[in-house]
Amino acid sequence: MRFLPDAEQRAFTDSLHAMLTAADTPAVIRDWSRGDHARGRALWRRVARAGVFGLAVPEEHGGLGRHPVELALAFVELGRHAVPGPLAETVAAAVLLADPPLAKRFLPGLLAGTDLATTAAVPHGHALDGDAAAVRLARAPDGLRLASAGPVRRSLDPARRLTPLVPDGELLHPGPPFDRALTWARLAVAAQALGVGLALLDRTVAYVRQRTQFGVPVGSFQAVKHRLADAATALEFTRPLLFGAAVSLRPADVAAAKLTACDAAYTTARTALQLHGAIGYTAECDLSLWLTKARALRTAWGSPEECREVFLEDALKTPAPSDSP
């Protein structure tokens, strides 16, 4: 099976890429990390108007219909530009709020980008940007509840503003689709990670062409070429897993895609850091905005160990193929 986007999908991602390129996302990220959300919210509304969040919402609730492949394509671009905010969390919230009364009440604001939504993968977990979100959803013993947010806590990625959620609000649903929301959020994180890795690779290739040593670009050295080739190969092997998981939406496939994408992005981040040399360690260098995100996404919505466990449990349940005719 060949996972190649069609003309309409390419036009969608090209327009999203152009919009995000013009938005000067490094400046937006730095504002967001300081708690200044003005430019970030303006960008968020543009992303919402482009239909990104509508790809996780059925048409009867005002969305574009659930299109996980297109959602993955969009989130690759969001990761490529390191867009801040509760992106995967908004996708999870859209799935959790699919019950008609809840959809009518909450989804219009999410689809318009006027409201931010956040939630956590586990009960009593930390969510992104609870201080900025209008809709905070927490998993409680009796179901899905509105929550209040605790104080912001620091993350390895400065743009990921973590807040504990306290499920002390209204009970919204006694049995929402937590497992389905987890699958969609993991798919979004996997796509983000691939985009982060691609951005790191592009930036590093451009840098080693400019940086010279012994009178020649360091990119001409065989050892540098090998490191970059390994990173590029890891990222390319992620693509079919990601889009195959988007087609099937099987939890095991999505867990495998997230594990592979996050590992590939992390490997690329280590390569980028080494090949940039001392400048790569500075917070002033824009590269750091992608380096820290690659590391943080590894544990977002499921650690590598949790994703391996999901995949292995599914593999053990699947009967082995028979050799008999």
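Here, every reference points to the structure presented above.
The rules behind the values
Residues numbered from 1 in each chain as written. Predicted model: local features only at pLDDT ≥ 70, side-chain atom pairs only at ≥ 80, totals over all residues. Heavy atoms only, no water. Helix = DSSP H or I, 4+ residues; strand = E, 2+ residues; numbered from the N terminus. Rg over C-alpha atoms; globule rule 2.2 N^0.38 Å. Buried < 20%, exposed > 50% of the residue type's maximum accessible area, 1.4 Å probe, protein only. Areas by Shrake-Rupley, 256 points an atom, 1.4 Å probe, with all protein chains shown as cover. Lys, Arg positive; Asp, Glu negative; His and termini not counted. Charge placed at Lys NZ, Arg CZ, Asp CG, Glu CD. Pairing = 2+ DSSP bridges. Salt bridge = Lys/Arg side-chain N within 4 Å of Asp/Glu carboxyl O. Axes fitted to C-alpha atoms, helices over the stretch in contact; angles between N-to-C directions. Contact = heavy atoms within 4.5 Å. Polar contact = N/O pair within 3.5 Å; in protein donor to acceptor, adjacent residues only side chain to side chain. Nonpolar A, V, L, I, M, F, W, Y, C, P; charged D, E, K, R; others polar. Expected span 1.5 Å × (residues − 1). Bend = angle between axes of the 7 residues up to and from the residue. Core = buried A, V, L, I, M, F, W, Y, C linked by side-chain atoms within 4.5 Å.

Visitor: In this structure, what is going on with the overall build of the protein chain? I would like to understand it.
Guide: When helices and strands are counted, the protein chain shows 11 helices and nine strands. Computed over the C-alpha atoms, the radius of gyration of the protein chain is 20 Å, within 12% of the 20 Å expected from 2.2 N^0.38 for a compact globule of 325 residues. Counting only C-alpha atoms, the protein chain reaches 65 × 65 × 40 Å along its principal axes. Here the protein chain, with 325 residues, has 52% of them falling under the buried criterion. For the protein chain, the accessible surface area stands at approximately 14900 Å², while carbon and sulfur atoms represent 56% of it. Here the protein chain contributes 36 positively and 33 negatively charged side chains, and the mean placements of these two sets differ by 5 Å.

Visitor: What exactly am I supposed to notice about the sheet that holds strand β2 (residues 126–128) here?
Guide: Overall, antiparallel pairing links the three strands, which are arranged β2-β6-β5 in an open sheet. Of all strands in the sheet, those with a lone pairing partner are β2 and β5 (148–149), marking the two edges. Judged from the three bridges that link them, β2 and strand β6 (residues 162–166) form a sheet pairing that is antiparallel. Looking at the pairing, L128 lines up with L162 of β6.

Visitor: Looking at this structure, I do not really get the pattern of salt bridges. What am I missing?
Guide: Should the charged atoms of two oppositely charged side chains come close, the side chains can pair. Counted according to the given criterion, the structure contains 13 salt bridges. The salt bridge involving D31 is made with R39; its shortest N-O contact spans 3.0 Å. D253 is paired through a salt bridge with R250; the nearest N and O atoms lie 3.0 Å apart. Relative accessible area serves as the criterion here: at 23%, D253 is assigned to the partly exposed category. In this structure, a network of salt bridges that share partners links the residues D31, R34 and R39.

Visitor: For this particular structure, what's the right way to read the sheet that holds strand β7 (residues 171–173)?
Guide: Within a beta sheet, neighbouring strands are joined by backbone hydrogen bonds and run either parallel or antiparallel to one another. Spatial strand order, β1-β3-β4-β7: four strands in an open sheet with mixed pairing. Since the sheet does not close on itself, it has two edges, and those belong to β1 (117–119) and β7, each with one partner. Across the sheet, the axes of successive neighbouring strands diverge by a mean angle of 35 degrees, strand direction being ignored. Sheet topology note: the strand β4 (residues 143–146)/β7 ladder contains two bridges and is antiparallel. Considered in β7, the bridge of L144 is made with H173. Against the sheet, helix α6 (residues 100–112) makes contact with β1, β3 (135–140), β4 and β7, and its axis sits at roughly 95 degrees relative to β7, the strand it touches most.

Visitor: What should I look at first to understand the environment of A103 in this one?
Guide: Among the secondary structure elements, A103 is positioned in helix α6. On the accessibility criterion, A103 (2% relative accessible area) is buried. Separated by 43 residues in the primary sequence, A103 and E60 have C-alpha atoms spaced 9.5 Å apart. When residues no more than four places from it in sequence are discounted, the contact partners of A103 are H61, L97, A98 and P108.

Visitor: Sorry, what's going on with the side chain of H61 here?
Guide: Within the secondary structure layout, H61 lies in the loop between α3 (38–49) and α4 (68–80). Within the structure, H61 has its side chain in polar contact with the backbone oxygen of A98 (distance 2.9 Å).

Visitor: Can you walk me through the packing of α4 against helix α8 (residues 222–248) in this structure?
Guide: Between two packed helices, the angle of one axis relative to the other and the distance separating the axes together describe the packing. Running from N to C, α4 and α8 point in directions that differ by 145 degrees, and their axes come no closer than 8 Å. For the pair α4 and α8, contact is made by P68, V69, A72, L73 and V76 and by L242, F243, A246 and V247, respectively. Here the residues of the contact of α4 with α8 sort into nine nonpolar, no polar and no charged.

Visitor: So what exactly am I meant to see when it comes to α6 here?
Guide: Since one α-helical turn is 3.6 residues long, residues separated by three or four positions face the same way. The terminal C-alpha atoms of α6, which comprises 13 residues, lie 18 Å apart, in line with the 18 Å expected from a rise of 1.5 Å per residue. For α6, the principal kink sits at F106 and spans about 45 degrees; a proline, P108, occurs within the next four residues. All of the buried residues along α6 are L102, A103, F106, L107, G109, L110 and L111. Residues of α6 that are buried in the fold lie against α3, α5 (87–96), β1, β3, β4 and β7. Residue G113 follows α6 closely and has a positive phi angle near 80 degrees.

Visitor: Explanation requested: the pairing of β4 in the structure shown.
Guide: Residues in a regular strand point their side chains to alternate faces of the sheet. Strand direction decides the pairing type here: β3 and β4, joined by four bridges, are antiparallel. Among the inter-strand pairings, A138 is bridged to a residue of β4, identified as R145. Counted along the chain from β3 to the antiparallel partner β4, the turn is two residues long.

Visitor: How do you make sense of the nonpolar core when you look at a structure like this?
Guide: Across soluble globular proteins, nonpolar side chains show a tendency to be buried alongside one another. Grouped together as the largest cluster of nonpolar side chains are 95 residues, with contacts concentrated most on V52, F75, L97, L137, L200 and L242. Here the element with the most residues in this core is helix α7 (residues 178–210); it accounts for 17 residues. Grouped together as the second largest cluster of nonpolar side chains are five residues, A120, A127, A138 and A147 included.

Visitor: How do you make sense of the side chain of H81 when you look at a structure like this?
Guide: Examined against the element boundaries, H81 turns out to sit in the loop between α4 and α5. By relative accessible area, H81 is classed as buried at 9%. Of note is the side chain of H81, whose polar atom sits 2.9 Å from the side chain of H17.

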